[in-house]
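# Architecture and fold: a report
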Amino acid sequence: MLYRVDSSEIDKLVFYLSMEILKRNKALEEADLRYIWHPFTQMKQWIEEKPLVIEEGRGCYLRDIYGRWYLDGVSSLWVNIHGHRCREIDEAIKEQIDRLSHSTLLGLANVPSIKLAERLVQITPEPLSKVFYSDNGSTSVEVALKMAFQYWIHRGEKNRYAFVCLENAYHGDTIGAVSVGGIDIFHETFRPLLFKTYRVPSPYCYRCSLGLKHPGCGFACLERLEELLETKADEIAALIVEPMLQGAGGMIVFPEGYMRGLYEITRKHRVLLIADEVAVGFGRTGRMFACEHEDIRPDFLCLSKGLTGGYLPLAATLTTEEIFDAFLGEIQELKTFFHGHSYTGNPLGCAAALASLELFEKEGLLEKVRDKESILKNWLQEIKELKHVGDARGIGLIGGVELVKDKETKEPYPYEEQMGYRVCWRARDKGLLIRPLGNVIVIMPPLVINDSEFEKMLEIIKESIVEVTEKDMST
Ligand SMILES: *Cc1c(COP(=O)(O)O)cnc(C)c1O
């Protein structure tokens, strides 16, 4: 069978198909601008630009509708662990779909949620032994806050209605989570709606709010906490903290010993401790949970983001037998925890989480993270030499590079200059997707990233910082 095709016919066909693809892409972009309100986004600015529409993922890469591939440098915002389209997780979800996609935990139990709860209790710090499911990080925090508050009521200590949080803290966007937030540009607007909290200094040593220098300060920030608890402990339900690293507050890595000190103060003054590991949990700091670094045994542990390997929205709040027992009583005593969500314990999410946890073991992922940590640490040292890098810090596979206008005085770039964004936009042109937190450039690739991909990512960030802060600015 032999026939000839006129090459100009092929050209016409290719041209026609390309036009169809372009038309489809343009329609998608226009529909995004018309219909979607994006989170944490100034929409006036958004609609002036062309949205980057992602349609496929593979490993550590994402592909847009034009066929360009980008390295996913922020793990799709903290969540992705084993890469996109990870075979084992894909299969676990497909198998679960063939049995059951959802059934409620109100009045019923389901198989994957039981198996996952057992697994979570096994791998989290003692004495956490009970699992309460919800759907996202914010709700996992709400659950902990409400449980802590109600626990004291059951104990007969009804004046404990305040919480302690840290400056620069981020615990989510629902009103309870915002109440314990410490980032003014996000949280201040809502102040009139929020419940009572005490804010203590954050161990943000590069910009110490007490004007001190670590080491040598003797953890004066912890002394402030101790002073507070000495006078107010009997009105405080709990202290909430992101162990080892404040994420959204600017990738603030705690100095060694801080978490241990904080923990001991809460024990001494009988204040419950809520460890919010929504961001740092599941291996990102080089340990399965950040609490393990300094042997912290919290009363509550909040988990979400990486729980399902970045596949499905699922969260868990773990607590102790002691807290759980305080809620037991006769039905008319109304000691029940009246809280729950429609999708609580979703079987698909739980199946994905179980597959993800299995992969951690099978792949020896934590050791791999610790190996890559040295690449990051060396690079952070190197990047500190740049003219507009004030500080560079990291733990595990998480890094933050703080850009400053003036290195001597630590003067930040003004907010409206959007220096962080400009660096990230430059990186995008070079095939890397990252997001800034104000003037801090964030590094948190999927944990499975290989050495050469990781080195390439760091190189692109360095080039982008140099080009935007040194070259563009000088013209
Ligand atoms: C992201 C985050 C949350 C909120 O999680 P969502 O799933 O976005 O609601 C809570 N705490 C910390 C530490 C986080 O980083």
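Structure's up top.
Attention here is on the structure that accompanies the text. (Residues numbered from 1 in each chain as written. Predicted model: local features only at pLDDT ≥ 70, side-chain atom pairs only at ≥ 80, totals over all residues. Heavy atoms only, no water.)

## A short note on the nonpolar core
Among the nonpolar cores identified, the biggest contains 95 residues, and L262, F282 and V401 are the most heavily contacted of them. Non-local contacts of F282, meaning those with residues more than four positions away in its chain, are made with I81, L120, M288, F289, L303, S304, G306, L307, L357, F360 and L447. If you look at the next biggest cluster of nonpolar residues, it comprises 25 residues, including A237, L272, V278 and F327. (Core = buried A, V, L, I, M, F, W, Y, C linked by side-chain atoms within 4.5 Å. Buried < 20%, exposed > 50% of the residue type's maximum accessible area, 1.4 Å probe, protein only. Contact = heavy atoms within 4.5 Å.)

## A short note on helix α13 (residues 365-383)
The periodicity of an α-helix, 3.6 residues per turn, causes residues three or four positions apart to be oriented the same way. Along its 19 residues, α13 runs 27 Å from first to last C-alpha, staying within 8% of the 27 Å computed at 1.5 Å per residue. Those residues of α13 not exposed but buried are L365, L366, V369, K372, E373, I375, L376, W379, L380 and I383. (Helix = DSSP H or I, 4+ residues; strand = E, 2+ residues; numbered from the N terminus. Expected span 1.5 Å × (residues − 1).)

## Comments concerning the site of the ligand
Around the ligand, the structure places N136, G137, S138, Y170, H171, G172, E242, D276, V278, A279 and K305. Here an oxygen atom of the ligand and a backbone polar atom of G137 are 2.8 Å apart. Note that an oxygen atom of the ligand is positioned 2.6 Å from one of the side-chain N or O atoms of K305. For the ligand, whose free accessible area comes to 380 Å², the fraction covered by protein is 84%. Residue composition of the shell around the ligand, grouped by class: three nonpolar, five polar and three charged. (Near = heavy atom within 4 Å. Polar contact = N/O pair within 3.5 Å; in protein donor to acceptor, adjacent residues only side chain to side chain. Areas by Shrake-Rupley, 256 points an atom, 1.4 Å probe, with all protein chains shown as cover. Nonpolar A, V, L, I, M, F, W, Y, C, P; charged D, E, K, R; others polar.)

## Examining the pairing of strand β2 (residues 61-64)
Bridge count between strand β1 (residues 54-58) and β2: four bridges; the pairing is antiparallel. Each bridged residue has a counterpart across the sheet, and for R58 the counterpart in β2 is Y61. The hairpin formed by β1 and β2 contains two residues between the paired strands, and G59 there has a positive phi angle of roughly 55°. Inspection of the sheet shows β2 paired to strand β3 (residues 69-72) by three bridges, in the antiparallel sense. Each residue of the ladder has a partner; that of L62, found in β3, is Y70. The antiparallel hairpin formed by β2 and β3 contains four residues in its connecting segment, where G67 sits at a positive phi of about 90°. (Pairing = 2+ DSSP bridges.)

From the geometry alone we can't say anything about function, so treat these as descriptive.
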